[in-house]
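# Structural overview for review
Take a look at the letters that make up each chain.
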Amino acid sequence: MRRGEDTGCCDTELQQKDYQRQRGHVLVRGFNSSLFQTTRPRKEQTKKKKTSPDLFEADRLEKLRSQSRMTSLQMSAQEEMVEKFLDAAARGDLKLLSALLSHTPSLLNQTGYSGWTALMLAARNGHHHVVEKLLSLGCNKLCTNSSSQTAYDIAKFWGHRHVARLLSLTDDGGLRGGTLGPQENYFSRETLDRLSGKRSDAAWLEAKQRDPDTVYLLFSNLSPMATVTKVNGGHGADVKLCRFRYNAVKDLLQKPATTEPDTPDAPVWFAINTDEDAAELLKRCENSSCFFPKSPNRDLLRLDEEEAGVVAQARSVLAWHDRYSFCPTCGSPTSLQEGGHKRTCLNPDCRSLKGVHNTCYPRVDPVVIMLVIHPDGNQCLLGRKSIFPARMFSCLAGFVEPGETIEEAVRREVEEESGVKVGPVQYVSCQPWPMPSSLMIGCHAIATSTDIKVDENEIEDAQWFPRQQVVDSMFRGAQQTLVVPPRQTIAHQLIRHWIGINSNL
Ligand SMILES: [Zn+2]
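Since this is a predicted model, take the numbers as computed values, not measurements.

Cut-offs applied
Residues numbered from 1 in each chain as written. Predicted model: local features only at pLDDT ≥ 70, side-chain atom pairs only at ≥ 80, totals over all residues. Core = buried A, V, L, I, M, F, W, Y, C linked by C-beta atoms within 7 Å. Buried ≥ 20, exposed ≤ 12 C-beta atoms within 10 Å, placed from the backbone. Contact = placed C-beta atoms within 7 Å. Helix = DSSP H or I, 4+ residues; strand = E, 2+ residues; numbered from the N terminus. Axes fitted to C-alpha atoms, helices over the stretch in contact; angles between N-to-C directions. Left-handed = near helix turned anticlockwise from the far one by under 90°. Nonpolar A, V, L, I, M, F, W, Y, C, P; charged D, E, K, R; others polar. UniProt positions renumbered as here; feature names shortened; annotations may be inferred. Arc of directions from axis to C-beta. Pairing = 2+ DSSP bridges. Parallel < 35°, antiparallel > 145°, perpendicular 65-115°, else oblique.

## A look at the nonpolar core
Ranked by internal contacts, the top residues of the largest apolar core, which has 75 residues, are L218, I369, M370, V372 and I495. In this structure I369 touches C395, A397, M440, I441, G442, I490, A491 and L494, once residues within four positions along its chain are discounted. L86, A118, F157 and A164 belong to the second largest nonpolar core, which has 26 residues in total.

Right, here's the structure in full:
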């Protein structure tokens, strides 16, 4: 199939080639308008944050263990075997450790003083081969000791980087070293260049609208047409955006382009929101599994990271157009400009035509979302709204008010919703949330009080949850009492980030 000839979307070849070739190209709005982008290199993950857990406990532990060896005669046979096993791990005696495990496999996750496991002891002393052996046998690396330290925390603190690296590798969704550094949140991957310099070039825009390489996304009631694909490796990206060429959507553009396309060096992307009948729109697609998501909050989370980033921009801009057809200053009609990134009032006397006005440009609404950490460092405050799924608790959140800092918004919202007072606030990461156009500013906040008094107008419940319970829910599927939000949400990432930080900080 030649480019420019296809009239539909959902062609597998087209989808794959487009994505491989076009990472980072244009995105534009249709209806005689547009906005766009070209290739931009992926942001590098920045360095990890250093942790500094207080692990001197380990030395004390070893002294106690030494004393306890002398009194081993008083122990039961079982206790003695556990002691021997833990001691072998601490000394790096792989031969003895393996022999004990082959005789008594149940030793694997046994704990000794202060909840230390063999894995933690091996990590403390940098015994890579022992850690490797224990992991190969399915040892639980998410266990925490009485100070809420995992084996990873311990290895990292004592500078055993090779062991920490081994423990950070995961095939089960467990902790990674990267969780301690800045995260890339869902909806935040920028594969398209916004090309702000081209937005006012009307001739270029028109040419690109007809360009056979240009990609169109089709939205109905702000839902992008998508198609169900095979479930991808269990990480949930089972929905792909449908892509169209100019010929397939030109009737939906209010003003078809008349100029000849120039020679493209980078495909341009446009997004069209139309109120045409959705069922009719779906007929444009050859794939019968196409649909317009009914629930953006749920269905858009099924896209892969790159498409989610495209939708985050497209949907927010389209939603702005949907709500700002008339001038907020004088109520007159507005016209669309700059590739869909500006609306100008058509009333020549309007105040908005003088100077720069935020009513002319797409809105972004700042929202603070915060994980409040108990003064003891080992519990976090989560709340639930009545609309949440059963047993789900999440971070508290709220809009930033005019004249308010991020820190003050965090403190105000937490106290309003839960009655808990907050002291230090630390920014962690942010997430564009295109429902319709929020920027979720993710923070950790340290509580200075612990009594909870829920504002029932805002949330249904709020509770302190121990770190181990959160770990169990997040990584082990132990969801009897607590379900955390899905990985695509910044709330999930804030919780995960906290789990990766040692409580003794
Ligand atoms: Zn006006």
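The discussion continues.
## Some remarks on the environment of G340
For G340, the position within the fold is in the loop between β7 (334-337) and β8 (342-345). Measuring from C-alpha to C-alpha, the distance between G340 and V317 comes to 7.5 Å, with 23 residues separating the pair along the chain.

## Let's talk about the packing of helix α3 (residues 77-91) against helix α4 (residues 94-103)
α4 packs onto α3 with a crossing angle of 145° between their chain directions and a minimal axis gap of 8 Å. Here α3 runs over α4; the crossing is left-handed. Every residue of α4 that contacts α3 at M81, K84, F85, A88 and A89 is listed here: L96, L97 and L100. In the contact of α3 with α4, the residues fall into seven nonpolar, no polar and one charged.

## Quick look at the UniProt feature "repeat: ANK" (unreviewed entry) in the protein chain
If you check UniProt for "repeat: ANK" (unreviewed entry), the listed places come out as residues 114-146 in our numbering. Strand forms 0% of residues 114-146 and helix 48%; the C-alpha atoms that close the span are 5 Å apart.

## Points about helix α6 (residues 128-136)
Listed in full, the buried residues belonging to α6 are V130, V131 and L134. Buried residues of α6, viewed axially, fall in a sector of 100°; they line one side. Structural note: α6 exposes H129 and S136 on the side pointing more than 90 degrees away from its buried face. Buried positions along α6 lie against α3, α4, α5 (118-124) and α8 (161-168). Among the residues trailing α6, G138 stands out with phi positive, at a value near 85°.

## Focus: the environment of F388
As for its position among the elements, F388 is in the loop between β10 (379-384) and β11 (396-399). Spatially, the C-alpha atoms of F388 and E460 are 9.7 Å apart, while their sequence positions differ by 72 residues.

## Remarks on the pairing of strand β13 (residues 438-447)
For β13, the buried fraction is high: seven of the 10 residues fall into the buried class. One ladder, built from nine bridges, connects strand β9 (residues 365-373) with β13; its direction is parallel. When the bridges of β13 are listed, P366 appears paired with L439. By the bridge criterion, nine bridges tie strand β12 (residues 422-433) to β13 in an arrangement that is antiparallel. Directly across from Q426, in β13, lies its bridge partner H444. Between β12 and β13, which follow one another and run antiparallel, lie four residues.

## A closer look at the pairing of β8
Burial along β8 is one-sided: R343 and C345 are buried, and none of K342 and T344, which face the opposite way, are. Note that β7 and β8 share four bridges and pair antiparallel. Across the sheet, S335 pairs through a bridge with T344, a residue of β8. With antiparallel pairing between neighbouring strands as the criterion, β7 and β8 make up a hairpin whose turn holds four residues, including E338 at a positive phi of roughly 50°.

## Details of the packing of helix α15 (residues 467-476) against helix α16 (residues 490-500)
Describing two packed helices takes the angle between their axes plus the distance from one axis to the other. Contact pair α15 / α16: the axes reach a minimum separation of 11 Å and the direction vectors enclose 125°. Accordingly, the angle class assigned to the pair α15 and α16 is oblique. Of the two elements, α15 crosses α16, and the hand of that crossing is left-handed. Residues R467, V470, V471 and M474 of α15 pack against I495, R496 and I499 of α16. Its residues placed into classes, the contact of α15 with α16 shows five nonpolar, no polar and two charged.

## Digging into helix α9 (residues 202-210)
The complete set of buried residues in α9 reads L205, A207, K208 and Q209. Those residues of α9 hidden inside the fold are in contact with α10 (246-249) and β5 (269-274).

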